Amino acid sequence: MEHYTMNLTLKVWRQKNSASNGRFETLEVKNISSEMSFLEMFDVLNERLVNEGKDPVAFDHDCREGICGMCSMYINGRPHGPWHGTTTCQLHMRAFKDGDTIVVEPWRANAFPVIKDLMVDRTAFDRIIQAGGYISVNTGNAVDGNAIPIERYKAEKSFAAAACIGCGACVAACKNSSAMLFTAAKVSHLALLPQGDPERKTRALNMIAQMDKEGFGSCTNTGACEAVCPKEISIDYIARLNSEYVSAAFLQDEEKE
Amino acid sequence: MLNPKIPTGPLEKKWTNYKDHCKLVNPANKRKLEIIVIGTGLAGASAAASLAELGYKVKSFCFQDSPRRAHSIAAQGGINAAKNYQNDGDSVYRLFYDTIKGGDYRSRESNTYRLAEVSANIIDQCVAQGVPFAREYGGLLSNRSFGGVQVQRTFYAAGQTGQQLLIGAYQALERQIALGAVEMYSRHEMLDIVVIDGKARGVIVRNLITGELERYFGHAVVLCSGGYGNVFYLSTNAMGSNVTAAWKAHKRGAYFGNPCYTQIHPTCIPVTGDHQSKLTLMSESLRNDGRIWVPKKQGDNRKGNEIPEEERDYYLERRYPAFGNLVPRDVASRAAKERCDAGYGVGTSKQAVFLDFSDAIKRYGRIECGKLGNHHPDAEEIRHHGMEVVKEKYGNLFDMYEKITGENPYEVPMRIYPAVHYTMGGLWVDYELMTTVPGLYALGECNFSDHGANRLGASALMQGLADGYFVIPYTIGNYLADEIRTPATPTTHPAFEEAEKAVAERINILMNIKGAHTTESFHKRLGKIMWDKCGMARNSAGLKEAISEIKNLKEEFWKNLRIPGEIKEMNPELDKAQRVADFIELAELVCMDALAREESCGGHFREEYQTADGEALRNDDRFMFVSAWEFKNGNGWEMHKEELKYEEVKPTQRSYK
Ligand SMILES: Cc1cc2nc3c(=O)[nH]c(=O)nc-3n(C[C@H](O)[C@H](O)[C@H](O)COP(=O)(O)OP(=O)(O)OC[C@H]3O[C@@H](n4cnc5c(N)ncnc54)[C@H](O)[C@@H]3O)c2cc1C
Ligand code: SF4
Ligand code: FES
């Protein structure tokens, strides 16, 4: 792999706090190595800003391995930038070339208010989980792990849904700011397992209700979420959620009768 | 000598005896008792959820935006448990024995035994929560091997085991939050412990969004704040992982145990340049199938796949035929360093060795072709099927490698090098996981307890969940049973005032240095001192130099640090500065401990103490103890000892040959 260095122009969203208005700021960075990660490029920028007595750009990040779901930059019109199936922290500078201009914004959604610069508040996701994204089993109540065999194919499908890192890129990509892919991933993860079966109905109903309450939009099946999801969560799970929801709503009506 | 309060009786009965006799708190009283849990990793989330389920009032804190993002999420390879599902001779005793031996006979027998004992329950609990572990076609749980053992006892979920376990614990926690049993404070950083009449009674935390300081009361405080590997600057830990919570506890009277026991993991993606902000682990599970080698010729510049078989030195298989590529981490790391130092390293920096899957691809390819009835496959067919198997097992790790390096590891061997990964040292705790401050507990990686001088792979996740799900729910009751008459202390109490004032003052001082250098630059310099002089190989002269360099760095830090922005706002530079200030203090103690321990054991390798063939040479006569350091305000530290008594296992020279 040939390495090279580049000079870039960044147009970065700056916003002091949730109460103030934001604007784009143009910043130049020089001598960026193609071996750096995108966030390391921001480290270089921030070091310089601090050295110049300016305010560094605030952004969320932690693991820098594509698994914690904390990093969240909207890069050139795409959550997490140009690489498919990749988080911002795993994006590397060899995706860019000398002289490029890169526009960097926070996730934009009413349910994700900006905290500062590129940082947003995603606690709405936690509240969707609180509404039912779990199996109600207290510590110490479990039977032997092998007492519940699970078809391998189902276990794998469940795992693929459970791979969601809760980053919110799906919301940021969606013109309706819908959280359906995130919610569908959780509902499917649990619904595909026998352990999750007893709470299937209430889980789907309550999580969707919470999603609406948080101000996420409705899903019109554009598929934008799947295209940007760093964990490549399939949009098929949304179909599964819809059918879970419909049958739960139906059963609920039946029970009332 | 420190008293670890180990229950009496035979090893395998101790925990049962303890549980049968510890004090209990009745449900009505539990509702009146408040517990603060710092951290939401495997240890913290499991503890907070379990304690809330029991009926205690819990407050849970983490510095990330959501409890689900704690560093445990990044664990890749797996979690051990003595289930013996493979019928390969595993048992509680064997898991206990492997852990003690892997730790180079520097851990406490009773704790390690309890860990092995509850390990099976962890798997059951996680399955019940819906953790999607890997399964066989018959629907039963699958296992893989990990380093330092000869049975298959590691449960996993592809290369995302930590994520799946943490999501399980996180969901249990969110359920308790929904029920109102836990109050969650994310983006809050604990900056001090409040001690009243000698007991931990609360915390001072900073709201990272507003910058305001806040006070919280608890009848007990449980720290689950993770390890301190980032004292080396570069490590496999998340960027935010830090020692601050543990360090503040230390300064309030909690002894720090074995700070010098740090683990350097053998298989990480090598450093590429000065811009490097962290190092990425390539899971130990890769050593199940990958073979590690260097060229037989020094300074060989050919690409890995161009070097013929007979010119390769599979040095682990050569030196350790019994365990081969699956020797414990400390052994594998030192062996890599030895080869690179001797001039056999590969890649541009020459600080790397190969981890090669070409044999595994061939082996699996032949098996798959055989399953398909193709008994005379050509090389291309073998390769195709072999790659599919390898992809299924390790696909996400291979993808990660390619994203970072731009090289395709299915085609060319991976380049790897050791990197700081885990800290066996941490707050000293007794059998009940209580620190030397009554009412203050430490769980998970932030305590020192179970892994001695070296941790075996897949045992940290096990320990975090053991502590949180199965140990603390019992041991904390034994303490709180005597607190049922203690009313909640109002946070206007002078101890809260004093603690908050001290925190505020320190922040003020930091902000007003207005010097010339960034926090990052100090952290990098600290890391370099630590890696060069207190890393994979240590010696007396180097450690003494390191201590004096750290002292100078500390002075410079407090004179010449620059933090931009304000106190009362979201200010990540200020957050980082406070953490680095604590790392600098800790670094000195790590070096002091390394200097005082005049032997080599596990991850602590003193060049002066080695066998003729370069293995760690323990000195059981002088050093069969845990060093527990007491902070002496303004006067350095005093070392206390906990003698390690081996009743069950006979310490020997560890051999993996
Ligand atoms: C890349 C990688 C891979 C690994 N793979 C494996 C593996 O396969 N198997 C295995 O067994 N182990 C593995 N480990 C080790 C294991 O992941 C950790 O030891 C373990 O997860 C630590 O869990 P914990 O709960 O103690 O702490 P953490 O998960 O680190 O959580 C710490 C928590 O404390 C909070 N916190 C810290 N300080 C403060 C403060 N001052 N105020 C408020 N909150 C605070 C944080 O927000 C966080 O919630 C791996 C480690 C790494 C780095
Ligand atoms: S579904 Fe994908 S994009 Fe949405 S939160 Fe989960 S991982 Fe992120
Ligand atoms: S920083 Fe963790 S996923 Fe990017």
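Conventions adopted
As a convention, each chain's residues are numbered from 1 in the sequence order in which they are written. Throughout, the order in which chains and ligands are written sets their labels, letters from A for the former and numbers from 1 for the latter. Local features are withheld for residues below a pLDDT of 70 in this predicted model, meaning they are given only at 70 or higher, and side-chain atom pairs are given and counted only at 80 or more; totals for whole chains, interfaces and linings count all residues. Side-chain metrics in this entry use all non-hydrogen atoms of the structure; hydrogen atoms and water are not considered. Put simply, DSSP H or I for four residues or longer makes a helix, DSSP E for two residues or longer makes a strand, and each gets a number counted from the N terminus. Only protein chains enter the accessibility calculation, which uses a 1.4 Å probe; a residue whose area is less than 20% of its type maximum is buried, one above 50% is exposed, and one in between is partly exposed. The contact criterion used throughout is that any non-hydrogen atoms of two residues lie within 4.5 Å. Using a 1.4 Å probe, the Shrake-Rupley method yields the accessible areas, and only the shown protein chains count as cover for residues. Counted charges follow a simple rule, with Lys and Arg positive, Asp and Glu negative, and His plus the chain ends left uncounted. The location of each charge is read from NZ of Lys, CZ of Arg, CG of Asp or CD of Glu. By convention in these notes, a residue is near a molecule or strand provided one of its non-hydrogen atoms lies within 4 Å of it. The classification used treats Ala, Val, Leu, Ile, Met, Phe, Trp, Tyr, Cys and Pro as nonpolar, Asp, Glu, Lys and Arg as charged, and all other residues, Gly among them, as polar. The domain limits used here are those given by an automatic or database domain assignment. In short, buried area is how much 1.4 Å probe accessible area vanishes from two parts on joining, totalled over both. Every case where a carboxyl oxygen of Asp or Glu lies within 4 Å of a side-chain nitrogen of Lys or Arg is listed as a salt bridge. Under the rule applied, a polar contact is a pair of N or O atoms within 3.5 Å (in protein, one hydrogen donor and one hydrogen acceptor; residues adjacent in sequence only if both atoms are side-chain atoms). Paired strands, as defined in this entry, are two strands with at least two bridges between them according to DSSP. Axis lines are fitted through C-alpha atoms, for helices just across the contact stretch, and the angle between N-to-C directions can take any value from 0 to 180 degrees. One less than the residue count of a helix, multiplied by 1.5 Å, gives the span that helix is expected to have. As a per-residue quantity, pLDDT reports the predictor's confidence and falls between 0 and 100.

### Focus: the overall build of chain A
Here's step 1: Of regular secondary structure, chain A possesses 8 helices and 7 strands.
Here's step 2: On the principal axes, the C-alpha backbone points of chain A span a range of 70 × 40 × 35 Å.
Here's step 3: Of all 257 residues assigned to chain A, the portion counted as buried reaches 59%.
Here's step 4: In chain A, once contacts between residues fewer than 6 apart in sequence are set aside, the share between residues at least 24 apart is 69%.
Here's step 5: With an accessible surface of roughly 10100 Å², chain A has 49% of that area assigned to carbon and sulfur atoms.
Here's step 6: Charge separation in chain A, taken as the distance between the mean sites of 27 positive and 33 negative side-chain charges, equals 4 Å.

### Overview of the site of ligand 2
Here's step 1: Around ligand 2, the structure places Phe 125, Cys 164, Ile 165, Gly 166, Cys 167, Gly 168, Ala 169, Cys 170, Leu 181, Cys 229, Pro 230 and Ile 233 of chain A.
Here's step 2: When the residues that make up the shell around ligand 2 are grouped by side-chain class, the tally is 10 nonpolar, 2 polar and no charged.

### A look at the domain arrangement of chain A
Residue and element names in this part refer to chain A.
Here's step 1: Once the domains are mapped, chain A shows domain 1 (5-115) and domain 2 (122-137 + 149-256).
Here's step 2: Look at where the C-alpha atoms of domain 1 and domain 2 centre, and you get two points 29 Å apart.
Here's step 3: In this complex, domain 1 contributes 21 residues to the contact, which on the side of domain 2 involves 21 residues.
Here's step 4: With both sides pooled, the region where domain 1 packs onto domain 2 buries about 1500 Å², and carbon together with sulfur makes up 60% of that total.
Here's step 5: Broken down residue by residue, the surface that domain 1 buries against domain 2 is led by Pro 79, Ala 111 and Phe 112, which jointly contribute 32%.
Here's step 6: Our enumeration of links across domain 1 and domain 2 arrives at 1 salt bridge.
Here's step 7: For the salt bridge of Arg 122 with Asp 60, the shortest nitrogen-to-oxygen distance reads 3.7 Å.
Here's step 8: Between the two partners, domain 1 and domain 2, sit 5 residue pairs in polar contact (both at pLDDT 80 or more).
Here's step 9: Within the side of domain 1 that touches domain 2, the residues separate by chemical class into 10 nonpolar, 8 polar and 3 charged.

### A word on the sheet that holds strand S12 (residues 291-295) of chain B
Residues and elements named next belong to chain B.
Here's step 1: With respect to topology, 5 strands assemble into an open sheet ordered S11-S15-S14-S12-S13, the strand pairing being antiparallel. Of all the strands in the sheet, just strand S11 (262-268) and strand S13 (312-313) have a single pairing partner and so form its edges.
Here's step 2: Pairing of S11 with strand S15 (residues 414-423) involves 5 bridges; the strand directions are antiparallel. By the bridge assignment, Thr 262 is partnered in S15 with Thr 423.
Here's step 3: Contacts from helix H9 (residues 329-341) reach S11, S12, S13, strand S14 (353-356) and S15 within the one sheet, and its direction differs from that of S11 by about 65°.

### Some thoughts on the interface of chain B and chain A
Here's step 1: Each partner contributes residues to the interface: chain B has 77 residues there, and chain A has 75 residues.
Here's step 2: Summing both partners gives a buried area of about 6200 Å² for chain B against chain A, and 51% of it is carried by carbon and sulfur.
Here's step 3: Those elements giving two or more residues to the side of chain B that touches chain A turn out to be helix H3 (42-54), helix H5 (109-129), helix H6 (161-178), helix H11 (379-405), helix H12 (460-480), helix H14 (519-534) and helix H16 (572-596) of chain B.
Here's step 4: Here the element with the most residues in the side of chain B that touches chain A is H6 of chain B; it accounts for 10 residues.
Here's step 5: Within the side of chain B that touches chain A, the residues separate by chemical class into 30 nonpolar, 28 polar and 19 charged.

### Some thoughts on H9 of chain B
Residues and elements named next belong to chain B.
Here's step 1: Over its 13 residues, H9 runs 18 Å from end to end, which matches the ideal 18 Å to within 8%, given 1.5 Å per residue.
Here's step 2: For H9, the tally of buried residues reaches 10 of 13 residues, placing the bulk of the element in the interior.
Here's step 3: Looking at H9, one finds that the buried residues are Arg 329, Asp 330, Val 331, Ala 332, Ser 333, Arg 334, Ala 335, Ala 336, Arg 339 and Cys 340.
Here's step 4: In this fold, the buried residues of H9 make contact with S11, S12, S13, helix H8 (315-319), S14 and S15.
Here's step 5: Remark: Gly 343 follows H9 within two positions and exhibits a positive phi of approximately 100°.

### Quick notes on the domain arrangement of chain B
Residue and element names in this part refer to chain B.
Here's step 1: By domain assignment, chain B separates into domain 1 (268-419) and domain 2 (494-625).
Here's step 2: Here domain 1 and domain 2 have C-alpha centroids that lie 34 Å from each other.
Here's step 3: Taken together, the contact pairs 9 residues of domain 1 with 10 residues of domain 2.
Here's step 4: Interface of domain 1 and domain 2: buried area, both sides summed, is about 760 Å²; carbon and sulfur atoms make up 56% of it.
Here's step 5: Looking at the side of domain 1 facing domain 2, the largest losses of area belong to Asp 330, Arg 334 and Lys 337, adding up to 53% of the total buried there.
Here's step 6: At the boundary of domain 1 with domain 2, the tally comes to 1 salt bridge.
Here's step 7: The residue Arg 319 makes a salt bridge to Glu 615 at a minimum N-O spacing of 3.4 Å.
Here's step 8: One can count 4 residue pairs in polar contact (both at pLDDT 80 or more) joining domain 1 with domain 2.

### Focus: the site of ligand 1
Here's step 1: Around ligand 1, a shell composed of 38 residues is seen, among which Gln 64, Ser 72, Met 190, Glu 445 and Leu 461 of chain B lie nearest.
Here's step 2: Neighbouring residues of ligand 1 are not confined to one chain but are distributed across chains A and B.
Here's step 3: A distance of 2.8 Å separates an oxygen atom of ligand 1 from a polar backbone atom of Thr 40 of chain B.
Here's step 4: Contact distances for ligand 1 include 3.0 Å between an oxygen atom and a backbone N or O atom of Ala 43 of chain B.
Here's step 5: Elements represented by at least two residues in the shell around ligand 1 include exactly H3, strand S6 (188-196), S15 and H12 of chain B.
Here's step 6: At 3 residues, the largest contribution of residues to the shell around ligand 1 is made by S6 of chain B.
Here's step 7: When grouped by side-chain class, the residues that make up the shell around ligand 1 number 17 nonpolar, 17 polar and 4 charged.

### A word on the environment of Asp 197 of chain B
Residues and elements named next belong to chain B.
Here's step 1: Tracing the backbone shows Asp 197 in the loop between S6 and strand S7 (199-207).
Here's step 2: What makes Asp 197 exposed here is its relative accessible area of 77%.
Here's step 3: Placed 241 residues apart in sequence, Asp 197 and Pro 438 show a C-alpha to C-alpha distance of 9.9 Å.

### A few points about the confidence of the model for chain B
Here's step 1: A residue-level look at chain B finds 100% of positions with pLDDT of 70 or above and a mean pLDDT of 96.
Here's step 2: Two summary scores accompany this predicted model of the complex, namely pTM at 0.97 and ipTM at 0.97.

### Concerning the side chain of Arg 455 of chain B
Residue and element names in this part refer to chain B.
Here's step 1: If you trace the backbone, Arg 455 turns up in the loop between strand S17 (440-442) and H12.
Here's step 2: Despite its burial, Arg 455 pairs with no opposite charge, the nearest such side chain being Glu 445 at 6.4 Å.
Here's step 3: Leave out the neighbours within four places in its chain, and Arg 455 touches Gln 263, Arg 329, His 421, Tyr 422, Met 424 and Ala 460.

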